[in-house]
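Chain by chain, the residues run as shown.
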Amino acid sequence: MAPYLNHLQPTEQHLRRGAALSGIVAALIGAIHLVFWLSGLLTSSGLHHFVMKTNASLCLLLCGLAVAIVAEEPRGARGLAAVLAAPATVIAALTLLEHLLDVDFGIDQLVAYEQPGALGVLHPNRMGPPGATAFTLCGIGIFLLLQGKSVATQVAQLLGGVLCLLGLMGFLGYLYRVEGLYAAPRVTGIAWPTTLSLILLGIGLLLARPRDAFMAVFTSPTPGGFVSRALLLPAVTLPILLGWLVLTGEAYGLYGITFSISLLMLSWIVIFSVIVYQIGKRAEIHVQAVEGQKAREALRQSEEKLRDIIDNMAEGLIVIDVETAGLYWNRRALEMYDFEEESDEIKTFESAVRTIELRTMEGELLPLEQWPVRRIMRGEELHDVELLVRHRERTWQRIYSYRGTAIHDAQGKLHMGVLTIRDITIKRQAQEALRESEELLSTVLETLPVGVWVITASGDILHANRAAEEIWGGAPKVGIAGYERYKGWRTDSGEAIAAEEWGGARAILKGETILNEEVEIEAFDGSRKVILLSAVPIRNDKGEITGAVAVNQEITVRKRIENALRESEEKFRAVFEQAAVGMGRVSFDDARWIDVNAAFCNMLGYSREEMLATPWPDITHPDDLDLDLVPFRKMAAGELNSYSIEKRFIHKTGEYVCARLTLSLVRDFGGRPKFEVAIIEDITRRKEAEEALRKAKDELELRVRERTAELEQAYLALQRETDQRLAAVEDLREKEQLLVRQSRLAAMGEMLANIAHQWRQPLNVLGLVVQQLQLTYELGQFSGEFLKGEVGRVMALIQHMSNTINDFKDFLKEEKEPQPFDVNSAVDATVKLLEAPLKALRVDLRIEEVDKLVVTGHRNEFSHVIMNLVNNATEALRERAVATPRISIRIFRDGEKSVITVADNAGGIPEEILPRIFEPYFTTKGPEKGTGIGLYMSRNIIEKGAGGQLSVRNTEEGAEFRIEFPG
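All of the points below concern the structure found in this document. Just so you know, these numbers come straight off a predicted model, no measurement behind them.

1. Re the overall build of the protein
Scanning the protein for helices and strands turns up 26 helices and 24 strands. Within the protein, buried positions represent 39% of all 967 residues. For the protein, long-range pairs separated by at least 24 residues make up 56% of all intrachain contacts whose partners lie at least 6 apart in sequence. Put simply, the protein shows about 54,900 Å² of open surface, and 58% of that area lies on carbon and sulfur atoms.

Here it is as structure tokens:
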């Protein structure tokens, strides 16, 4: 029993064990009677000898065991107590109902049989009403104790008191021979063993929880508890004993009723007074003993608590007796120095120093006089003195921090000292590791290729690594309000980022975690960059934000590459989807199509989903499978980069589609084969055409032989016809050259006329100069000075005439190869040759040089064209007698073209002949005035000789010819 009650106070343990013993004795009484009943040895035998019935024996056995279990409370046995109490309660309750309702439930004879008609028994083998009531209450009390609640315990103890009263009632009936208390058949019938058993069960219920409810008053260590316990036994036993003595004296005739009552009262007063006196006297002693016990217990507990506190301190503690130099070590101090509790080396300072060696943090051996214990013994105070400690017999070395104080008695004499020791080895190692870690972290931060920002809880930028400064061109250490100096925009919306919307600010203010937000920034040097922004808040153990870390990764180059890759992929996708030929990508793992375009699907009649679900061997003609499979496997092994084959696919309809495949290997970044790209060209029609061509070839060879002779004759006829056509072409070429020569001769004639016209005036002037020389000589006024002046005039005239001849010669010069020439100077030189006829007709010719033009061609031929156009315009002005004849030449650039326009105000060209004016031999003049080849030759010169274009249109005033040269 003991193991289950060890956690209780000794008094409570004894009382609960008494309760268990009461239950066991009661159960033993019930078990004995039950055995006698089952063996047939026990029957009812007379009015004064009631026996315990079988059901009462069974209920007593079950309730006694249940009470013992409830009192002991063994682990896991509470359910067993309920199992035992339940049937006893049910049997007792049903029996009580039988008495109250005068019914028979048939439960009385279940365990053992009793003959009807037994003396004093109305119902054979049925327990009496007191027993049925008592066992019902006992079962209820057991269940209440199992609840463990205060109110339930109070009720259970009340029921225990009722059981004691019921048992005591029968017991007094038997003791005083009062048959009404135990022998009334339908009211108080109860056997004397049952009365004793009920008292035992009642005591068991009361003592099962002695510290709770009503029993707490009797078990209390207070004076009231002591008095209650002292009075309880006399209060119960003395009245019973005195009553028995009085009744016995009456029975023997020693005195009458009046005397007996008086004697009873007097005896009770005397005895109870003596008892009260003795209890009062013992109570004072008890109070003193209790108070002394409490004081000793408090002191013991205080000492134990202090000792436990000292021994369980995280720090080592040494108490020093200054007078004896003795040392007291707590458990932690012993562990720190590897000492045993009973060893001699811990008793005094001198014994301890033989084992321990102390050094300064610099490694110097510490003198004994500077040891912490000695300094305390001298009355010094120690504050965080750090020393290296080494055990001489062992290899360990640690770092301890010492604190100490000296304690003086009331007279101020040094009495004792207290020295505390902390092992800071791990702390020191951690500090060193932290320093190294911080250095490593700083090195890592500064060498990271991404920008890292460390931000305080208030949002101030504490640190930015080198990469961050390089990305931003600087890193001002500002608070959240100063973040506006950092300029950035969201790439998806173009929205400017406010100061409080930067990742670090959001991590501090809102506790957000930001991952890879794409932002375009403007660095402090003005450059634009794209970065990935991430930020995460730093929290302490309480979840409070103590700072944040932000990371910037520049992806400007990667962004450009991604954009280029996206554009490339879009182009590839456009080519892939819009290609007129079939295209696809094939996996090496299962020979399935990764992707196919619409042209390939249409070629074979499958949907895209059907194609992707079908390996290419399944849609390949069986005879062509090895043709493709062998190089496919080599490409899958990386041995082949590309190959081309012609094979037959199987159309969805079952027909064969001939195709030419060109396949190329695509490798991953590691150089391993990833997939192949296939270009499929439908050559079914070509194959059909080749087959038809082969058949046609055979037929053609037959016909060729038949037609060879005919062709030989036709060849001879064709040769003759070719010779005739060549002769005609040669004749046509000669005629065209003749036209050119005629055109040049016509131009030459006009040029000669112009030269003659231009020479006429200089010759007249020259004649006058000669006459002037003669006249001056005859008049006698001829002198050297006069002669010099007249010679100068003559030489100027001759130079003018010579320049005219040079211009004419340059105009007629032959040019074999096209050369770059100045259009503006060529036009000026040509117009200069035409000055005489233009002045004769009073034609106002203006040149508007908007741009300087240089083109590649034949300068003289171009000049011939300009002269032809100007002459045609002059002729038209003369024929139509325009009052103010005007020709304008405009030189300018129109986009990428060099343009020269020649316009007049002669009224234009009739619309009906405008389309024909460039035809050869077409002229509106008479035969005596033109040949009709000028404009024809001009167009040939511009278009064939210089790659330009000559066109004409009518304006409001006249015709405008437009010459365009490329470049």
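Back to the text.
2. Regarding the pairing of strand 9 (residues 487–490)
Going residue by residue along strand 9, you find Gly-488 and Arg-490 tucked away on one face and Lys-487 and Trp-489 left uncovered on the opposite face. Direction of pairing for strand 9 relative to strand 10 (residues 514–522): antiparallel, over a ladder of four bridges. Residue Gly-488 lies in a different strand from strand 10, and its bridge partner there is Ile-521.

3. Here we look at the sheet that holds strand 8 (residues 461–464)
One open sheet holds the six strands; their spatial order is 8-7-12-11-10-9, and the pairing between them is antiparallel. A strand with exactly one partner marks an edge of an open sheet, and here the two such strands are strand 8 and strand 9. Strand-to-strand twist of the sheet, defined as the mean angle between neighbouring strand axes without regard to direction, takes the value 30°. Pairing of strand 10 with strand 11 (residues 528–539), which is carried by seven bridges, proceeds in the antiparallel orientation. In the strand pairing of strand 11, Glu-522 is matched with Arg-528.

4. Thoughts on helix 5 (residues 129–147)
In an α-helix, one turn spans 3.6 residues; hence positions three or four apart end up facing the same way. Over its 19 residues, helix 5 runs 28 Å from end to end, which matches the ideal 27 Å to within 8%, given 1.5 Å per residue. Within helix 5, 14 of the 19 residues are buried, leaving the element largely enclosed by the surrounding structure.

5. Section: the packing of helix 6 (residues 150–176) against helix 9 (residues 223–251)
Contact geometry for helix 6 and helix 9: axes closest at 11 Å, N-to-C directions at 25°. Between helix 6 and helix 9, the interaxial angle falls into the category roughly parallel. The way helix 6 lies across helix 9 gives a crossing that is right-handed. Across from Leu-168, Leu-172, Leu-175 and Tyr-176 in helix 6, the residues of helix 9 making contact are Pro-239, Ile-240, Gly-243, Trp-244 and Leu-247. Taken together, the residues that form the contact of helix 6 with helix 9 break down as eight nonpolar, one polar and no charged.

6. As for the sheet that holds strand 19 (residues 844–849)
The strand order 19-21-22-24-23 describes an open sheet built from five strands, whose pairing is mixed. Among the strands making up the open sheet, the edge pair consists of strand 19 and strand 23 (949–954). Averaged over all pairs of adjacent strands, the angle between strand axes in this sheet comes to 15°, irrespective of strand direction. Pairing between strand 22 (residues 897–904) and strand 24 (residues 959–966): seven bridges, direction antiparallel. Residue pairing across strands places Lys-897 opposite Pro-966, the latter belonging to strand 24. Across the sheet, helix 26 (residues 934–945) is in contact with strand 23 and strand 24; its angle to strand 23 comes to roughly 130°.

7. Observations concerning the pairing of strand 22
Here strand 22 lies mainly inside the structure; seven of its eight residues are buried. The antiparallel pairing of strand 21 (residues 886–894) with strand 22 creates a hairpin that spans two residues between the two strands, and Gly-895 there sits at a positive phi of about 65°.

8. Looking at the pattern of salt bridges
Counted according to the given criterion, the structure contains 44 salt bridges. In this structure, Glu-12 and Arg-16 form a salt bridge, with 3.7 Å as the shortest nitrogen-oxygen distance. Of the two residues, Glu-12 and Arg-16 both sit in helix 2 (residues 10–39), four residues apart, roughly one turn of that helix. Both residues of the pair, Glu-12 and Arg-16, count as buried. Arg-422 is paired through a salt bridge with Asp-384; the nearest N and O atoms lie 3.6 Å apart. Separated by 38 residues along the polypeptide, Arg-422 in strand 6 (residues 414–423) and Asp-384 in strand 4 (residues 382–391) bring together distant segments of the chain. Judged by relative accessible area, Asp-384 falls into the partly exposed class, the value being 37%. Taken together, the salt bridges that share partners define one network made up of Arg-490, Glu-501, Arg-506, Lys-510, Glu-512 and Glu-517.

Conventions adopted
Residues numbered from 1 in each chain as written. Predicted model: local features only at pLDDT ≥ 70, side-chain atom pairs only at ≥ 80, totals over all residues. Heavy atoms only, no water. Helix = DSSP H or I, 4+ residues; strand = E, 2+ residues; numbered from the N terminus. Buried < 20%, exposed > 50% of the residue type's maximum accessible area, 1.4 Å probe, protein only. Contact = heavy atoms within 4.5 Å. Areas by Shrake-Rupley, 256 points an atom, 1.4 Å probe, with all protein chains shown as cover. Pairing = 2+ DSSP bridges. Axes fitted to C-alpha atoms, helices over the stretch in contact; angles between N-to-C directions. Expected span 1.5 Å × (residues − 1). Parallel < 35°, antiparallel > 145°, perpendicular 65-115°, else oblique. Left-handed = near helix turned anticlockwise from the far one by under 90°. Nonpolar A, V, L, I, M, F, W, Y, C, P; charged D, E, K, R; others polar. Salt bridge = Lys/Arg side-chain N within 4 Å of Asp/Glu carboxyl O.

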